[in-house]
Amino acid sequence: MKTALITGITGQDGSYLTEFLLEKGYRVHGVVRRTSTFNRDRIDPIVEAANREGQRVWLHYGDLGDNSCLVGLLKKFQLDEVYNLAAQSHVKVSFDNPEYTMDVVGAGTLRLLEAIRQIQPEIRYYQASSSEMFGKVREVPQNEATPFHPRSPYGAAKAFAHWLTVIHREAYGLHASNGILFNHESPRRGENFVTRKITRAVARIERGLEKELMLGNLEAKRDWGYAKEYVEAMWLMTQAEQGDDYVIATGETHSVREFLEIAFATVGLRWQDYVRRDPKFERPAEVDLLIGDAGKAREKLGWRPRVGFEELVRIMVEEDRRSLKKDLGS
């Protein structure tokens, strides 16, 4: 039975990855920041269900800012794989808290890689890179060879972490892979991200609980996939013979406006009647177009997306409708 460690286990990707690894028969250890104590609604039901059948998930308080914590975990447990998903992952927030973002995303990755190198160098390591590293894109679509031009502190921090992973693979021989994941969404997406903000508002507007939705740039285009499918790509990277870098994307791009159209149409409403634009939600430097070429992942890992854009939007809207109905008791 293999054992994996997941940082950022309480997040969208962490919860889906935990479910995926449990289905594969893994034991899973997760790193939880103490400030995440009240933000564990994604992971707690998974932990409870898994442990009713015999403990296979353990949560440990820790932080990528605390080197002693990372060293302690690596000395205590014999691990096969480490998935580094922890981050301050909100792009807009990274402009407000750039130093914190760089410390957690950038320096935190360095701390973890160095701990692995010194204590358990045989570990297979996955680094959550991001399409935000491409930023002001040099070519369309973007692939593993496309130059980075980040347009936010978050994108810059992710690029730093990405290259640290490459360096530890090439200089020290670690089995270390970067997954350059383009936007991936689900009903577990945080409510401060635009997609979930939209689908949650649709459910509440339908019920008459809200009357309008304030958004920033409606023309920004993204390559949106289903997070539940993207965690499989993470695992496939750690199973490969050698570590490498892979773009994970759908190869399609859609605007925020298109997302709105489908989301509101799902409940029979026109988005134009409810959506208002507010400049305060716009980034200081916008990333206008992201679309990924996942050809390498298809060829070498056998991974491909299955859920399309419209289906993804409807999955999210319907889940928010069900959740709200449950909360209201009707």
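Residues numbered from 1 in each chain as written. Predicted model: local features only at pLDDT ≥ 70, side-chain atom pairs only at ≥ 80, totals over all residues. Heavy atoms only, no water.

J.: Now, about the overall build of the protein: what can you tell me, with residues and values included?
T.: Per the secondary structure count, the protein includes 11 helices and 13 strands. In terms of overall dimensions, the protein has a C-alpha envelope of 60 × 50 × 40 Å along the principal axes. Looking at the protein as a whole, 54% of its 330 residues qualify as buried. Just so you have it, the protein exposes about 14700 Å², and 46% of that area is on carbon and sulfur atoms. Averaged over its 47 positive side-chain charges, the protein has a centre that lies 3 Å from the centre of its 48 negative ones. (Helix = DSSP H or I, 4+ residues; strand = E, 2+ residues; numbered from the N terminus. Buried < 20%, exposed > 50% of the residue type's maximum accessible area, 1.4 Å probe, protein only. Areas by Shrake-Rupley, 256 points an atom, 1.4 Å probe, with all protein chains shown as cover. Lys, Arg positive; Asp, Glu negative; His and termini not counted. Charge placed at Lys NZ, Arg CZ, Asp CG, Glu CD.)

J.: Quick one: what's the story with unusual backbone geometry, residue by residue and with numbers?
T.: Look at the link from Val140 to Pro141: it is a cis peptide, with omega at -5 degrees. Inspection of the secondary structure assignment puts Pro141 in the loop between strand S5 (124–130) and helix H6 (153–172).

J.: Would you mind going over helix H8 (residues 227–239) in detail, with residue names and values included?
T.: Think of an α-helix as turning once every 3.6 residues; residues three or four places apart then point the same way. With 13 residues, H8 should reach 18 Å at 1.5 Å per residue; the first-to-last C-alpha distance of 19 Å fits that figure. With 10 of 13 residues buried, H8 lies mostly within the body of the structure. Those residues of H8 that sit buried are Ala227, Glu229, Tyr230, Val231, Ala233, Met234, Trp235, Leu236, Met237 and Thr238. (Expected span 1.5 Å × (residues − 1).)

J.: So what's going on with the sheet that holds strand S2 (residues 27–32)? Residues and values would help.
T.: Spatially, 7 strands are ordered S3-S2-S1-S4-S5-S6-S11 in an open sheet, and the strand pairing comes out parallel. Single-partner strands in this sheet number two, and they are strand S3 (57–61) and strand S11 (245–248). Across the sheet, the axes of successive neighbouring strands diverge by a mean angle of 20 degrees, strand direction being ignored. Note that strand S1 (residues 3–7) and strand S4 (residues 81–84) share 4 bridges and pair parallel. Paired with Ile6 across the strands is Tyr83, a residue of S4. Those strands touched by H6 are S5, strand S6 (175–181) and S11, and its axis lies near 150 degrees from that of S5. (Pairing = 2+ DSSP bridges. Axes fitted to C-alpha atoms, helices over the stretch in contact; angles between N-to-C directions. Contact = heavy atoms within 4.5 Å.)

J.: Give me the packing of helix H9 (residues 256–266) against helix H11 (residues 309–328): which residues, what numbers.
T.: Where H9 meets H11, the axes come as close as 9 Å, and the angle between the chain directions of the two elements is 50 degrees. Judged by the angle between their axes, H9 and H11 are oblique. Here H9 and H11 pass one another in a crossing that is right-handed. Along the contact surface, H9 presents Glu258, Phe259, Ile262, Ala263 and Thr266, while H11 presents Phe309, Glu310, Val313, Arg314, Met316, Val317, Glu318 and Arg321. Its residues placed into classes, the contact of H9 with H11 shows 7 nonpolar, 1 polar and 5 charged. (Parallel < 35°, antiparallel > 145°, perpendicular 65-115°, else oblique. Left-handed = near helix turned anticlockwise from the far one by under 90°. Nonpolar A, V, L, I, M, F, W, Y, C, P; charged D, E, K, R; others polar.)

J.: Just give me the short version of the environment of Leu110, but keep the residues and values in it.
T.: With respect to the helices and strands, Leu110 occurs in helix H5 (residues 98–119). The exposure class assigned to Leu110 is partly exposed, which follows from its relative accessible area of 32%. Expressed as a C-alpha distance, the spacing of Leu110 and Ile315, which sit 205 residues apart in the sequence, is 37 Å. Apart from residues no more than four positions distant in its own chain, Leu110 is found in contact with Leu164 and His168.

Fair warning: the whole summary comes from geometry, so function is off the table for now.
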